[in-house]
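# Remarks on the overall topology
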Amino acid sequence: MPAIPSLKERYRDYFDIGAAITPQLLQTKGDLIKTQFSSLTAENQMKPGPIHPAPDTWAFEDADAIAAFAREHNLHLRGHTLVWHNQTPEWFYEGGDKDTLLSRVKAHMQVMFDRYAKDIIAWDVVNEAVADQGDEIFRDSRYHQILGDNLVVRSFELARELLPGGYFVYNDYNEIMPAKRTKILALLDMLKSAGNLVDAFGFQCHWNIHDLDLDELRRSIELYAAKGVHLQMTELDLSLYASSDKEIYDAATPENLALQADLYGKIFAIFREYKDVIDSVTFWGATDADSWLQGFPVRNRPYNQPLLFDGECQPKECFRRVVEF
Ligand code: 9MR
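Residues numbered from 1 in each chain as written. Predicted model: local features only at pLDDT ≥ 70, side-chain atom pairs only at ≥ 80, totals over all residues. Heavy atoms only, no water.

Here the focus is unusual backbone geometry. Most peptide bonds take the trans configuration, and most residues that are not glycine carry a negative phi. Residue T81 is bonded to the preceding H80 through a cis peptide linkage, with omega at 0°. The topology assignment puts T81 in strand β3 (residues 76–84). For the bond running from F296 to P297, omega is -5°, close enough to zero to count as cis. Residue placement: P297 occurs in the loop between β9 (278–283) and α12 (317–323). The phi angle at Q87 is positive, at roughly 50°, despite the residue not being glycine. Take Q87: it is sitting in the loop between β3 and α6 (98–116). (Helix = DSSP H or I, 4+ residues; strand = E, 2+ residues; numbered from the N terminus.)

Moving on, we come to the packing of helix α10 (residues 214–225) against helix α11 (residues 254–273). A packed helix pair is summarised by two numbers, namely the angle formed by the two axes and the spacing between the axes. The contact between α10 and α11 brings their axes to 11 Å, and the two run at 20°. The orientation of α10 relative to α11 falls into the category roughly parallel. Crossing of α10 against α11: the hand is right-handed. Contact residues: L214, L217, R218 and I221 in α10; L263, K266, I267, I270, F271 and E273 in α11. (Axes fitted to C-alpha atoms, helices over the stretch in contact; angles between N-to-C directions. Parallel < 35°, antiparallel > 145°, perpendicular 65-115°, else oblique. Left-handed = near helix turned anticlockwise from the far one by under 90°. Contact = heavy atoms within 4.5 Å.)

Turning our eyes to something else, we now look at helix α8 (residues 151–162). Counted at 1.5 Å a residue, the expected span for α8 with its twelve residues is 16 Å, and the 17 Å between its end C-alpha atoms agrees. Most of α8 sits inside the fold, with nine of its twelve residues counted as buried. Those residues of α8 that fall on the buried side of the exposure criterion are L151, V152, V153, S155, F156, L158, A159, R160 and L162. Next to the buried residues of α8 lie β3, α6, β4 (122–127), α7 (142–147), β5 (168–172) and α9 (178–193). (Expected span 1.5 Å × (residues − 1). Buried < 20%, exposed > 50% of the residue type's maximum accessible area, 1.4 Å probe, protein only.)

Looking now at a negative patch on the surface. Together, D135, E136, D140 and D149 make up a negatively charged patch on the protein surface. If you trace the backbone, D149 turns up in the loop between α7 and α8. (Patch = residues over 30% accessible without salt bridge, like charges linked within 9 Å, V, L, I, M, F, W, Y side chains within 5 Å. Areas by Shrake-Rupley, 256 points an atom, 1.4 Å probe, with all protein chains shown as cover. Salt bridge = Lys/Arg side-chain N within 4 Å of Asp/Glu carboxyl O. Lys, Arg positive; Asp, Glu negative; His and termini not counted. Charge placed at Lys NZ, Arg CZ, Asp CG, Glu CD.)

In the neighbourhood of the ligand, 14 residues make up the surrounding shell, with E43, K47, H80, E128 and E235 lying closest. At a separation of 3.0 Å, an oxygen atom of the ligand approaches a polar side-chain atom of N44. One of the side-chain nitrogen or oxygen atoms of K47 is found 2.7 Å away from an oxygen atom of the ligand. When atom positions are compared with the pocket grids, the ligand is found to occupy the largest pocket. Tallied by class, the residues present in the shell around the ligand amount to three nonpolar, seven polar and four charged. (Near = heavy atom within 4 Å. Polar contact = N/O pair within 3.5 Å; in protein donor to acceptor, adjacent residues only side chain to side chain. 1 Å grid on protein atoms, 1.4 Å probe; cavity = no way out; pocket = protein on both sides within 12 Å on 5 of 7 lines; lining within 4 Å. Sits in = over half its atoms within 2 Å of the grid points. Nonpolar A, V, L, I, M, F, W, Y, C, P; charged D, E, K, R; others polar.)

Attention shifts here to the packing of aromatic side chains. Within a pair of aromatic rings, the relevant descriptors are the distance that separates the centres and the angle that separates the planes. One pass over the structure, following the stated rule, counts 23 aromatic pairs. Among the aromatic side chains, those forming a connected cluster through ring pairs are Y11, Y14, F15, Y264, F268, F271, F283 and F325. When the ring centre of F325 is taken as reference, the NZ or CZ atom of R272 above it lies at 3.8 Å. (Phe/Tyr/Trp six-rings, centres within 6.5 Å; stacked < 30°, edge-to-face > 60°. Lys NZ or Arg CZ within 6 Å of the ring centre and 35° of its normal.)

All chains considered together, the criterion is met by 25 salt bridges. The residue R321 makes a salt bridge to D262 at a minimum N-O spacing of 3.1 Å. Of this pair, R321 sits in helix α12 while D262 sits in helix α11; the two residues are 59 residues apart in sequence, bridging distant segments of the chain. Notably, a salt bridge pairs K275 with D276, separated by 3.9 Å at the nearest N-O pair. Classification of K275 by relative accessible area gives partly exposed; the value is 35%. Taken together, the shared-partner salt bridges connect D262, K266, E317, R320, R321 and E324 into one network.

Encoded structure:
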């Protein structure tokens, strides 16, 4: 069988091509991962919950295995994530006062930086703090209830203080929807005026084939880049189901797969145009079989196929459309 082209080679002059991975996947699909991707993100293993389950308990093993794989194969590694309303253990918030929470966040960051800063090229300092609906900029979360609107700026200040040369990202989803985008842009302004605290905006890129608006994507890239930050495409996937869709049926029709291939081709053509501001494009998973979308938001829904490789690590039509240009 002829060797398939390598995404990371094809995009060497453009940006890193990444994948979210787990230590198990590095064992079972390590060959695919090291030949196709130039950057890794731990899908869960560097989040506060998994790595820091109790104040004096750290579980480094999985994150260490990922960092070792990245070093061994010369891959970049993204740090995901330090401050998030999800997958953060209850003990962070216990007591409920600002100073206690901030001192815990600071201690957490310090250990993460001491152990992983040499391996990590970019940190998602804060993830998903902006509200999807309504006029409020910030999502109602335990973090926000305790720290208020300072939550994001304070988190970035702490990160800067502890790791002055760090490369710091604010990461969020629904990033191309105009109402939420306006709020994220305001947040980037806050981070800029508090002392140039942010280096890049992370577009998560959890999209689907039914309602992705490519003009809004292009406009969004321009609006975010106009804030003077770089862009990292951090969690790309293209679901075959619409986001509002809660039905159980099989969306993997030939028509939908053809539409997906066409869209992947167009998305990457836009990304290539903006290579000067885009550092990296990371897929949220390596193959369809490992995608978080299996079972989300509907359990037992037929197999979703949001990525470029099928469950057997074979390239799909959408892969061809991404490498052929
Ligand atoms: O893919 C991750 C999944 O395994 C976890 O159960 C989930 C918990 O919230 O987080 C998923 O990853 C998320 C990422 O960390 C932040 N953006 C959305 C991703 C998909 O939910």
